[in-house]
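Next come the chains, spelled out residue by residue.
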Amino acid sequence: MAKKLPKVDVVIVGVGWAGGIIAAELAKQGLQVVGLERGKERKTEDYFMVHDELRYAYRYELFQDLSKETVTFRSNEKVRALPMRQYGSFLLGDGLGGAGVHWNGQTYRFLPYDFQIQSKTVERYGKNKIPAGMTIQDWGITYDEMEPYFDAFEKMAGISGEENPLGGKRSDKYPTPPMKYSPQMKMFQDATKKLNLHPYATPSANLSEAYTNPDGIARTACQYCGFCERFGCEYGAKADPVVTVIPVANKTGKFQIRTHSYVRRILHTGNKATGVLYTDVTTGEEIEQPADIVVLTSYVFNNVRLLLNSKLGRPYDPKTGTGVIGKNYAYQVQKGNALGFYENMEFNNFAGAGALGVTIDDYNGDNFDHANLNFIHGGGIRISQTGKRPIASNSVPKGTPTWGKEFKANSIKYYNRTLSVSGQGASMPFQHHYLDLDPEYKDVFGDPLIRLTFDFEEQDRQLAAFLAERCGEIMKEMGADLIQVAKDLGPYDIVPYQSTHNTGGVIMGASPDSSAINNYGQLWDAENVFVVGASSFPHNSGYNPTGTVGALSYRTAEGIIKYSKNGGILV
Amino acid sequence: MSIHNEEESKDQNPSSVTRRKFLKNSGYVVGGAILGGIVGNLLGRPVQENNPSQAAGPTTDYNQALMFFTIEQFRTVEAATERIFPADEIGPGAKDLGVAYFIDHQLSGDWGFNARDYMQGPFYKGEAVQGYQGRLKRREIFDIALQEMNNYSRSKYQKRFYELTGEQQDEVLTAFQNDEVKITTISPSGFFNTLRTATIQGVYADPLYGGNRNMDGWKMKNFPGNQMAYTDIIEDEKLAKIPPKSLKDHVQH
């Protein structure tokens, strides 16, 4: 028998960006909130030894222990799904702050087009533009309605940036000025301007100058040390939940964090949740936490898995396209890039910051004409200077052997003589891309793992080839002596790292027929359950997702406060 | 932030200054591809700082002993990694960088035991895009593969791998890389790729792990290692020449 604890107003499952933001906003309003986090506590002092590429980037210090839980994967329904036994394609965050600790800090807003992708595509190109099986749909909210929440997230995190000339309308400028421009960023800026494109400094959560946010949280400026992605910030300069929203929640006295608490079921009777069941992984004890409101803010895969394992919501059926939990899994097209080798120039590539870079959106969303193209949407194109680390960075000209004398000489010679321009392509959902429970493989508790059925489509291959050509044109303008363009996407392969921008599975929308949650993140089928994260995205855009996840979290917090007063379905 | 202040004060610490001066005076100049044999000359001579307790003579590196390999396995790995990342006019190779010790130490811990990988069955042969689906742990794969490398060497050249000429060793490694060796229990190319990756890691990981001896891997690449800030150089057009620091710099007493 599980130990039953006293009831609280709200229980939050997973304390990363979404959980932290919601905890802070609800606790400020006086609600009693418990945050359950399956990993350990994290704090800035943990990162004293963080400049360790092997430990953090290759031994996955900050990531979920796959021996306890992973995902299974297959390209299509004809293949047996097998477990992702080792890390590759994406990395699952773990511990207090979640993926918000190890992110790079690139903080974009999705485009107005994204939120109304279906109707805007049909409006401009007609119905036939959307190929059979592509299940794009509007998000049930517009960019203009989302704008105040983007603004709230950016001010909380202190985002450093300058206006995107091709982005949605802003109510205010970024709270801090853009990051410094390095010589390689200036080269990209000059080249894209010459090509009549519209460069802007990548919006950055790394913080260009000391900043105090509206909650009174003060942080110091980024030092460009080059260890962001896969690392925590030893300065607390990079915005993460541990140095921003969690202390605000704690200060209210209304928020309690329980780490090492692995939530396994959402408990429910009728069409309402009653709380959650979790295991204290330090003792093995099963504990029931009753609550008036349950909020799921873990990563994409676990949000879906918890709902399915709890038999809450209508599971998606790929054959009929009905049901919603697990629907519209999408990813990203991280192919389409150009690598430039310079014989007579050297760059301080080892220096950088996770969100140091310059972006153009001329080929993103519907910012360009798709009438004669065999794909919709597009991707951001950027130069990123995240800090080249020596294990990861061994680019050599094609034809160089992968080992031996020539490899050594070229990998050393070109370490500080290469620049990369890369596309981040959007990912459209298809009827046969989805998440469900694996029939065979289990986690450490014996619960089914989530099963991922996904492959790249013709849409993705066309997009990759298109973005690659654009990247090549920019690199040529940047004067590289040798340019290698990667444009062949190939099948989706879970082995090489690509992007931790997995999306969908608990998608938002205007109707319970086609979506799992409404635009407050409220589950249509259980009004006191809210689910927030990139799992809410009906498709994935050509941007890093955190800015939009953050905005949706503020929106959901507002919805929960409304719901706690009046109850009922909010829209 | 407390860490920041601590690091700033460490920068004023006399031993760091001495270290910098030493590197300057020793003629060590980092200049990308042109630094050549200078780094090689530093090889094997631990940098002596102006510290009375260490002034008596070279210290013993107690880290250079074996946690996992037999001596035969060690010699095989040392020879193989040296072919993957050889000594040349640019600087030291895998052997002198301690890469075989690095791999030995890694195999003795979490990585060797696949401690954080999903290793539950059932095991099925999967599609290539589904990744590694074997039941063997890395240390077991090394045991088998190193034995097979020596078997293959004996059958072709009547010698153990580490007794072959460099060219012969390359032929054996290439046969593994291209799956020309027939082994039923492991994937020869899978092993070769793991060995190659581990070699690169041993060359460039912080010296605390036993490779990248004397930070020579970093010096060859002009990677400054563990630095607290690049704010002053991030806008510079010229390649910055910064003597590297290791994580040891954070725990100097």
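Residues numbered from 1 in each chain as written. Chains lettered and ligands numbered in written order. Predicted model: local features only at pLDDT ≥ 70, side-chain atom pairs only at ≥ 80, totals over all residues. Heavy atoms only, no water.

A. Spatial organisation of the overall build of chain A. Helices and strands together make up the secondary structure of chain A, namely twelve helices and 22 strands. At 23 Å, chain A has a C-alpha radius of gyration in line with the 25 Å of a compact globule built from 571 residues. Projected onto its principal axes, the C-alpha coordinates of chain A cover approximately 70 × 55 × 50 Å. Surface accessibility of chain A: about 18,400 Å² in total, with carbon and sulfur atoms responsible for 48%. Across chain A, 60 positive and 62 negative side-chain charges occur, with their mean positions spaced 2 Å apart. (Helix = DSSP H or I, 4+ residues; strand = E, 2+ residues; numbered from the N terminus. Rg over C-alpha atoms; globule rule 2.2 N^0.38 Å. Areas by Shrake-Rupley, 256 points an atom, 1.4 Å probe, with all protein chains shown as cover. Lys, Arg positive; Asp, Glu negative; His and termini not counted. Charge placed at Lys NZ, Arg CZ, Asp CG, Glu CD.)

B. Examining the overall build of chain B more closely. In terms of regular secondary structure, chain B is built from ten helices and zero strands. Tracing chain B from N to C terminus, the helices and strands come up as α-α-α-α-α-α-α-α-α-α. Looking at chain B as a whole, 49% of its 253 residues are labelled buried. About 12,100 Å² of surface is accessible on chain B, with carbon and sulfur atoms providing 50% of the total. (Buried < 20%, exposed > 50% of the residue type's maximum accessible area, 1.4 Å probe, protein only.)

C. Representation of the interface of chain A and chain B. Across the boundary between the two partners, chain A contributes 76 residues, which contact 81 residues of chain B. With both chains or domains summed, chain A and chain B bury close to 6,500 Å², and 59% of this area falls on carbon and sulfur atoms. Our count for the contact surface shared by chain A and chain B stands at three salt bridges. A salt bridge links Glu235(B) to Lys180(A); the nearest nitrogen and oxygen atoms lie 3.8 Å apart. (Contact = heavy atoms within 4.5 Å. Buried area = accessible area lost by both parts, 1.4 Å probe. Salt bridge = Lys/Arg side-chain N within 4 Å of Asp/Glu carboxyl O.)

D. Looking closely at empty space enclosed by the protein. Residue and element names in this part refer to chain A. Overall, the coordinates contain seven cavities of 30 Å³ or more when judged by the stated rule. Every residue lining the largest cavity is counted, 16 residues in all, and those nearest its centre are Arg109, Asn164, Gly167, Gly168 and Tyr174. Of the residues assigned to the lining of the largest cavity, the class counts are eight nonpolar, three polar and five charged. For the second largest cavity, the calculated volume is near 90 Å³. For the second largest cavity, the lining is made up of 15 residues, of which Cys222, Gln223, Cys225, Cys228 and Cys233 are closest to its centre. Counted by class, the lining of the second largest cavity contains nine nonpolar, four polar and two charged residues. (1 Å grid on protein atoms, 1.4 Å probe; cavity = no way out; pocket = protein on both sides within 12 Å on 5 of 7 lines; lining within 4 Å. Points joined across faces, edges and corners; volume = space filled by probe spheres on them. Nonpolar A, V, L, I, M, F, W, Y, C, P; charged D, E, K, R; others polar.)

E. Representation of the environment of Asn348(A) in the model. Secondary-structure assignment places Asn348(A) in the loop between strand S14 (337-341) and strand S15 (357-360). The exposure class assigned to Asn348(A) is buried, which follows from its relative accessible area of 5%. It is 9.0 Å that separates the C-alpha atoms of Asn348(A) and Pro183(A), two residues lying 165 residues apart in sequence. In this structure Asn348(A) touches Gln184(A), Gln385(A), Asn416(A), Ile233(B), Asp236(B), Lys238(B), Leu239(B) and Ala240(B), once residues within four positions along its chain are discounted.

F. Summary view of the sheet that holds strand S20 (residues 482-486) of chain A. Residue and element names in this part refer to chain A. Ordered by their spatial adjacency, six strands build an open sheet running S6-S15-S16-S17-S14-S20, and the pairing between neighbours is antiparallel. The two strands at the open ends of the sheet, each matched to only one other strand, are strand S6 (200-201) and S20. In this sheet, strand S17 (residues 418-425) lies alongside S14 in antiparallel orientation, the contact comprising five bridges. Its bridge partner lying in S17, alanine 338 is registered against valine 421. Seen against the sheet, helix H7 (residues 183-194) touches S15, strand S16 (379-384) and S17 and runs at an angle of roughly 20 degrees to S15. Packed onto the sheet, helix H11 (residues 458-477) meets S14, S15, S16, S17 and S20 and runs at close to 150 degrees relative to S17. (Pairing = 2+ DSSP bridges. Axes fitted to C-alpha atoms, helices over the stretch in contact; angles between N-to-C directions.)

G. Region of the structure containing the environment of Glu209(A). Residue and element names in this part refer to chain A. Within the secondary structure, glutamate 209 sits in the loop between S6 and strand S7 (211-212). Residue glutamate 209 is classed as partly exposed on the basis of its relative accessible area, which comes to 37%. With 192 residues separating them along the chain, glutamate 209 and proline 401 place their C-alpha atoms 44 Å apart. Among residues more than four places away in sequence, those in contact with glutamate 209 are Thr176, Pro177 and Ala221.

H. The UniProt feature "domain: Glucose-methanol-choline oxidoreductase C-terminal" (unreviewed entry) in chain A, seen in detail. Under the UniProt annotation, "domain: Glucose-methanol-choline oxidoreductase C-terminal" (unreviewed entry) lies at residues 436-552 of chain A. For residues 436-552 of chain A, the end-to-end C-alpha separation is 24 Å, with 23% helix and 21% strand making up the annotated structure. (UniProt positions renumbered as here; feature names shortened; annotations may be inferred.)

I. Representation of the domain arrangement of chain B within the structure. Residue and element names in this part refer to chain B. In terms of domains, chain B is made up of domain 1 (2-49 + 216-250) and domain 2 (71-86 + 95-116 + 131-212). Between domain 1 and domain 2, a total of about 740 Å² is buried, with carbon and sulfur atoms accounting for 66% of that surface. Put simply, domain 1 and domain 2 have zero salt bridges between them. Put simply, domain 1 and domain 2 have five residue pairs in polar contact (both at pLDDT 80 or more) between them. Each residue belonging to the side of domain 1 that touches domain 2 can be placed in one class, and the counts come to four nonpolar, two polar and two charged. (Domains from an automatic or database assignment. Polar contact = N/O pair within 3.5 Å; in protein donor to acceptor, adjacent residues only side chain to side chain.)

J. Summary view of the packing of aromatic side chains. Residue and element names in this part refer to chain A. For the coordinates displayed, the defined rule picks out 47 aromatic pairs over all chains. An aromatic cluster is defined as three or more aromatic residues linked by ring pairs; in this entry it consists of Phe73, Phe90, Tyr299, Phe301, Tyr329, Tyr331, Phe454, Phe456 and Tyr492. Of note, lysine 129 hangs over the ring of tyrosine 125, and the distance from its end group to the ring centre comes to 5.4 Å. The lysine or arginine in question, arginine 470, covers the ring of phenylalanine 466, its NZ or CZ lying 4.6 Å from the ring centre. (Phe/Tyr/Trp six-rings, centres within 6.5 Å; stacked < 30°, edge-to-face > 60°. Lys NZ or Arg CZ within 6 Å of the ring centre and 35° of its normal.)

K. Broad picture of helix H10 (residues 405-413) of chain A. Of all the positions in H10(A), only Phe407(A), Lys408(A), Asn410(A), Ser411(A) and Ile412(A) are classed as buried. On its buried face, H10(A) is in contact with helix H9 (188-204) and helix H10 (216-221) of chain B.

L. Layout of the nonpolar core. Counting 225 residues, the largest nonpolar core has Phe90(A), Met478(A), Leu523(A), Ile103(B) and Phe191(B) as its most contacted members. With sequence-adjacent residues up to four places away left out, Met478(A) is seen in contact with Gln184(A), Met187(A), Phe188(A), Ala191(A), Tyr342(A), Ile383(A), Leu419(A) and Val421(A). (Core = buried A, V, L, I, M, F, W, Y, C linked by side-chain atoms within 4.5 Å.)

M. Spotlight on the packing of helix H7 (residues 138-157) of chain B against helix H8 (residues 166-177) of chain B. Residue and element names in this part refer to chain B. The N-to-C vectors of H7 and H8 enclose an angle of 125 degrees; their axes lie 11 Å apart at closest approach. On the basis of their axis angle, the class for H7 and H8 is oblique. Viewed along their axes, H7 and H8 form a crossing whose handedness is right-handed. Between H7, through Ala145, Glu148, Met149, Tyr152, Ser153 and Tyr157, and H8, the contact on the second element is made entirely by Gln168, Glu171, Val172, Leu173, Ala175 and Phe176. Its residues assigned to classes, the contact of H7 with H8 comprises eight nonpolar, two polar and two charged. (Parallel < 35°, antiparallel > 145°, perpendicular 65-115°, else oblique. Left-handed = near helix turned anticlockwise from the far one by under 90°.)

N. Representation of the sheet that holds strand S18 (residues 434-442) of chain A in the model. All names here are of chain A. The mixed open sheet is built from four strands, whose spatial order is S5-S4-S19-S18. In this open sheet, the two strands that pair with only one neighbour each are strand S5 (82-83) and S18. Direction of pairing for strand S4 (residues 71-74) relative to S5: antiparallel, over a ladder of two bridges. Its bridge partner being in S5, threonine 72 is matched across the sheet by proline 83.

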